[in-house]
Amino acid sequence: MRRQRMVKAVAGAREVLLDAAGLGLLSAAAFTWSTTAGLVAAGVAVLGMNWRLSEGAE
C-alpha cells in the first residue's frame, strides 16, 4: 500500500517535471525564433533605408 502511494507520487512528479521541461523548451524555441525574426526584420529595414538614402543622393 505504501509502495503504491510512493510509486504514484514519483510518477506524478515525473509528469510535472516533463511538462515543465517541455514548456521550457517550447519557450526557448519561441524566444530564439522571435529574436531571429526580429534581427532579420531590422536588417531588412536598415537595408531598405540605406537603399532609399542612396537613391535620394543621386
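Just so it is clear, the structure is predicted and the values come from calculations on it, not from any experiment.

**Section: the overall build of the protein chain**
Line of reasoning, step 1. Helix and strand counts for the protein chain stand at one helix and zero strands.
Line of reasoning, step 2. In terms of C-alpha radius of gyration, the protein chain reaches 25 Å, well past the compact-globule figure of 10 Å for 58 residues.
Line of reasoning, step 3. Once the C-alpha set of the protein chain is aligned to its principal axes, its extents read approximately 85 × 5 × 5 Å.
Line of reasoning, step 4. Within the span of the protein chain, comprising 58 residues, buried residues form 0% of the whole.
Line of reasoning, step 5. Accessible surface, the protein chain: about 5500 Å² in total, of which carbon and sulfur atoms supply 71%.
Line of reasoning, step 6. If the 6 positive side-chain charges of the protein chain are averaged to one point and the 4 negative ones to another, these points end up 34 Å apart.

**Let's talk about the environment of Arg 2**
Line of reasoning, step 1. Relative to the elements of secondary structure, Arg 2 occurs in helix H1 (residues 2-57).
Line of reasoning, step 2. Taking the C-alpha atoms as reference, Arg 2 lies 49 Å from Thr 35; in sequence the two are 33 residues apart.

**Comments concerning the environment of Arg 52**
Line of reasoning, step 1. One can find Arg 52 in helix H1.
Line of reasoning, step 2. For Arg 52, a relative accessible area of 63% gives the class exposed.
Line of reasoning, step 3. Distance from Arg 52 to Thr 35, taken between C-alpha atoms, is 26 Å for residues 17 residues apart in sequence.

How each quantity is defined
Residues numbered from 1 in each chain as written. Predicted model: local features only at pLDDT ≥ 70, side-chain atom pairs only at ≥ 80, totals over all residues. Heavy atoms only, no water. Helix = DSSP H or I, 4+ residues; strand = E, 2+ residues; numbered from the N terminus. Rg over C-alpha atoms; globule rule 2.2 N^0.38 Å. Buried < 20%, exposed > 50% of the residue type's maximum accessible area, 1.4 Å probe, protein only. Areas by Shrake-Rupley, 256 points an atom, 1.4 Å probe, with all protein chains shown as cover. Lys, Arg positive; Asp, Glu negative; His and termini not counted. Charge placed at Lys NZ, Arg CZ, Asp CG, Glu CD.

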